[in-house]
Amino acid sequence: MSVTRRDFLADALGASLAALLPPPARAAAEPGVEFLGTLPFAEEAALPLETVVGTGLDGRRALDLGGLEAATDVTPSERFFVRTLCPDRLTLAGPWTIRLHGLVEQAVDVPLDDLLRAARPMGVHLIECAGNTPRAHFGLISAADWTGIPVAAVFERARVRREATRVRIAGFDDHSRRARGSVPGASWVFGLDDLARAGAFFATEMNGAPLSRDHGFPVRLVVPGWYGCVSAKWANEIEWMDDNAVPTSQMREFADRTEQDRVDLAYARDYRPATVEVAALPVRIERWRAAGRRFCKVVGILWGGDKPVERLAIRFGPAGQWAPVDEFQHRSTDSWNLWSHRWASRPGRHRIELRVEDPGVRSRRLDRGFYARSFVLEQP
Ligand SMILES: Nc1nc2c(c(=O)[nH]1)N[C@H]1C(S)=C(S)[C@@H](COP(=O)(O)O)O[C@H]1N2
Ligand SMILES: [Mo]
C-alpha cells in the first residue's frame, strides 16, 4: 500500500490530534506507515538547547524547535528563548516608572501602575533575535500571546514638542559583570510612524501571566514584525528626538544583523525599519517507511514578511531541483507557519535550501543561505 498525498495532507491538518500524540503513536494510527525516528541536523553542535548558558548580558536560552507540532503553538513562557538574563543590578523595590523626556515640554516619570488600565490583549507575536544562527540551532525565536499597553497610551502622557519625529526607547541594562559578546545599553531610535504602523506595545504579560524576570518584568517593548534587538526589556525610558538623532550603540552593533545597507550610518533616520523579512527553516527531519520504502519528511516553519506568500520551494543540495513544498500555507505573518515536505531518501549529506517564489517579496537572509541546514543519511 502506498502513501498518498492525501494521507500526508490529513497528517498535516490533523495538527490538533498530532499535538496530543508523540510521533510514533501517531504513525501507528495509519496502517502501513511506520515512523522510524528523526535525524539530527549536521554541523550545528554548540549551544545546548532549553538550558540557560552564560550569565547576565551573555546569558542565553535557546528553544528546541524540533518538537513543534502545530502552527498555532505558542511557546510556554518558561521555554521562550532568552537573550540577556535579568540584570543583577535591577531592583524592583518601589514602583516601576518610565521616564518620558527629551523634546517634551516637561520631563515626567510615569508610574507603570498608572498605565496598566490601558493594557489589553495584543495577540500572538513571534520574536526572533537578529543573531539567530546555527550556533544556537536557530532556537533564538519564540512565539507568545501578549498583553500590553499600546505605545500611544504611554506617549500621550507627555506633551511632545512639534519638532519631535523620533523616539528612543530604552531598558535597564546595568550588569555588574562585563559581557564578552555584547554591548550593554539596550535602546533603539524609532520613527514615530514606524512604531504606529507596527502596532508596537509595552508588554506586561506573556501567555496570560506577568512577564518573567528574564523576559523583562515588569514591562518590555514589543515591536511586532521587527527583530528582537529593538524590543527593550525592563523598559524605563522614552526620549523624544528630532531628525538629527544619531544611532545608539546597540543600533550600530546590530546594523548588519538587521540588514542595514551599511554599518556606518550617521543618523537614526538612515536606518531602515529592522523588520524581519520572510524566512523559512527546517526544524526536523522525520524518517518514515511505507510499503517497504523509506522516505524523509522535512518539517519546518515559515515566518516574517508583511503579507502572506503563496509559493515556498525546497531543494536538497545545490544540484537538486527546486520543488514546491508539499504542505504549506502562510496563515499568519505574526507567528510561525508549519510546513512539511516528503522526499524520497538518498544516502549522503544533504543541504536543505528554501526559497520564496512570489515576485517582489524580499527574503534576503533566506536567499543568502542563512537558514540552510544539512543532514546526513547513512542508508536509503
Ligand atoms: N534591557 C535589554 N533589553 C533587551 C536586550 C538586552 O540585552 N537588554 N536584548 C534584546 C535582544 S537582542 C533580544 S533578541 C530580545 C530578546 O528577548 P527575550 O530574551 O525575552 O527573548 O530582547 C531585547 N531586549
Ligand atoms: Mo537579539
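What you are looking at is a predicted structure, and each value in this text was computed from that prediction instead of being measured.

Colleague: Which parts of the structure should I look at to understand the overall build of the chain?
Modeller: What the chain contains, in helices and strands, is eight helices and 20 strands. What you see for the chain is a C-alpha radius of gyration of 22 Å, in line with the 21 Å of a compact globule of 380 residues. Referenced to the eigenvectors of the C-alpha coordinate spread, the extents of the chain come out at roughly 75 × 40 × 35 Å. Among the 380 residues that make up the chain, the fraction classed as buried is 53%. A fraction of 70% describes how many contacts in the chain between residues 6 or more apart in sequence connect residues 24 or more apart. Charge centroids of the chain, computed over 50 positive and 49 negative side chains, lie 3 Å from each other.

Colleague: Is there a simple way to think about the site of ligand 1 in this case?
Modeller: Close to ligand 1 lie 20 residues; Phe81, Arg83, Thr84, Arg220 and Lys233 are nearest. In the model, an oxygen atom of ligand 1 is placed 2.5 Å from a nitrogen or oxygen of the Lys233 side chain. When ligand 1 is considered free in solution it has 530 Å² of accessible area, and contact with the protein chains removes 100% of it. Here the shell around ligand 1 is built from residues that sort into 11 nonpolar, five polar and four charged.

Colleague: What is the right way to read the packing of aromatic side chains from this model?
Modeller: For any pair of aromatic rings, the description rests on two quantities: the centre-to-centre distance and the angle between the ring planes. This structure, assessed with the given rule, holds 11 aromatic pairs. Aromatic pair Phe138 and Tyr371: ring centres 5.7 Å apart, planes at 45 degrees, arrangement tilted. Here Phe138, found in the loop between β6 (120-128) and β7 (141-150), pairs with Tyr371, found in the loop between α8 (364-367) and β20 (373-377); they are 233 residues apart in sequence, far enough to count as distant. Pair check on accessibility: Phe138 and Tyr371 agree, each one buried. Between the aromatic rings of Phe190 and Trp226, the centroid separation amounts to 5.5 Å while the plane-to-plane angle is 55 degrees, which identifies the pairing as tilted. Taken together, the residues Phe190 in strand β9 (residues 187-191) and Trp226 in the loop between β12 (220-222) and β13 (235-241) connect sequence positions 36 residues apart.

Colleague: Hey, could you run me through the pattern of salt bridges in this one?
Modeller: Think of it this way: side chains of opposite charge can pair up when their charged atoms draw near. Tallied over the full model, the rule gives 24 salt bridges. The residue Asp194 makes a salt bridge to Arg197 at a minimum N-O spacing of 3.1 Å. Of this pair, Asp194 and Arg197 both sit in helix α6 (residues 192-198), three residues apart, roughly one helical turn. The salt bridge partner of Glu277 is Arg362, with a shortest N-O separation of 3.7 Å.

Colleague: Even after reading the chapter, I still don't get the nonpolar core, so can you show me in this structure?
Modeller: A general trend in soluble globular proteins is that nonpolar side chains are found buried together. Core analysis: the largest hydrophobic core is formed by 87 residues, its most contacted members being Phe190, Phe202, Ile238, Trp240, Trp303, Trp336 and Trp339. Per-element tally for this core: the top contributor is strand β15 (residues 293-303), with six residues. Dropping the residues within four chain positions of it, Phe190 is found in contact with Thr165, Arg166, Val167, Ile169, Leu195, Leu221, Val223, Trp226 and Val230. Core analysis: the second largest hydrophobic core is formed by 16 residues, Ile127, Cys129, Trp146 and Val222 among them.

Colleague: Quick question: what am I supposed to make of the pairing of strand β5 (residues 108-111) here?
Modeller: With four bridges connecting them, strand β4 (residues 97-102) and β5 associate as antiparallel partners. In the sheet register, Leu100 faces β5, and the bridge partner there is Val108. Taking the residues between adjacent antiparallel strands as the criterion, β4 and β5 are bridged by five residues.

Colleague: Explain the environment of Arg284 to me, please; I cannot follow it from the model alone.
Modeller: Along the chain, Arg284 falls in strand β14 (residues 279-290). Since its relative accessible area comes to 8%, Arg284 is described here as buried. Separated by 219 residues in the primary sequence, Arg284 and Leu65 have C-alpha atoms spaced 8.0 Å apart. Arg284 has contacts with Thr38, Phe41, Gly66, Gly67, Leu68, Glu69, Lys297, Val298 and Val299, leaving out every residue within four places of it along the chain. Here Gly66 takes part through its backbone oxygen, which lies 2.7 Å from a polar atom of the side chain of Arg284. Polar side-chain contacts of Arg284 include one of 2.8 Å to the side chain of Glu286.

Colleague: How should I be thinking about the sheet that holds strand β17 (residues 323-324) in this particular structure?
Modeller: Strand pairing in a sheet relies on backbone hydrogen bonds. The paired strands run either parallel or antiparallel. The strand order β17-β16-β19-β20 describes an open sheet built from four strands, whose pairing is antiparallel. Of all strands in the sheet, those with a lone pairing partner are β17 and β20, marking the two edges. In terms of strand pairing, strand β19 (residues 348-356) meets β20 through five bridges, oriented antiparallel. Opposite Ile352, over in β20, you have Arg373 as the bridge partner.

Colleague: How should unusual backbone geometry be read in this particular structure?
Modeller: Glycine aside, a negative phi is what most residues show, and trans is what most peptide bonds show. The amide bond that connects Phe217 to the next residue, Pro218, takes the cis arrangement and shows omega of 10 degrees. Mapped onto the elements of the fold, Pro218 is located in the loop between β11 (209-210) and β12. Positive phi values are uncommon outside glycine, yet Glu259 reaches one of about 60 degrees. As for its position among the elements, Glu259 is in the loop between α7 (249-253) and β14. Accessibility expressed as a relative area gives 7% for Glu259, which makes it buried.

Colleague: When you look at the confidence of the model for the chain in this model, what are you seeing that I'm missing?
Modeller: On average, residues of the chain score 90 in pLDDT, and 92% of them reach the 70 mark or higher. Confidence drops under a pLDDT of 50 for residues 1-25, and excluding neighbours within four residues, the segment shows 31 contacts in the predicted structure.

Colleague: It is not clear to me how the sheet that holds strand β18 (residues 337-344) should be interpreted in this structure. Could you clarify?
Modeller: Spatially, the four strands line up as an open sheet ordered β1-β14-β15-β18, and their pairing is antiparallel. A strand with exactly one partner marks an edge of an open sheet, and here the two such strands are β1 (33-39) and β18. Direction aside, the axes of adjacent strands within the sheet are offset by 30 degrees on average. The pairing of β15 with β18 spans eight bridges and is antiparallel. By the bridge assignment for β18, Gly300 is matched with Trp339.

Parameters and conventions
- Residues numbered from 1 in each chain as written.
- Chains lettered and ligands numbered in written order.
- Predicted model: local features only at pLDDT ≥ 70, side-chain atom pairs only at ≥ 80, totals over all residues.
- Heavy atoms only, no water.
- Helix = DSSP H or I, 4+ residues; strand = E, 2+ residues; numbered from the N terminus.
- Rg over C-alpha atoms; globule rule 2.2 N^0.38 Å.
- Buried < 20%, exposed > 50% of the residue type's maximum accessible area, 1.4 Å probe, protein only.
- Contact = heavy atoms within 4.5 Å.
- Lys, Arg positive; Asp, Glu negative; His and termini not counted.
- Charge placed at Lys NZ, Arg CZ, Asp CG, Glu CD.
- Near = heavy atom within 4 Å.
- Polar contact = N/O pair within 3.5 Å; in protein donor to acceptor, adjacent residues only side chain to side chain.
- Areas by Shrake-Rupley, 256 points an atom, 1.4 Å probe, with all protein chains shown as cover.
- Nonpolar A, V, L, I, M, F, W, Y, C, P; charged D, E, K, R; others polar.
- Phe/Tyr/Trp six-rings, centres within 6.5 Å; stacked < 30°, edge-to-face > 60°.
- Salt bridge = Lys/Arg side-chain N within 4 Å of Asp/Glu carboxyl O.
- Core = buried A, V, L, I, M, F, W, Y, C linked by side-chain atoms within 4.5 Å.
- Pairing = 2+ DSSP bridges.
- pLDDT = per-residue confidence, 0-100.
- Axes fitted to C-alpha atoms, helices over the stretch in contact; angles between N-to-C directions.

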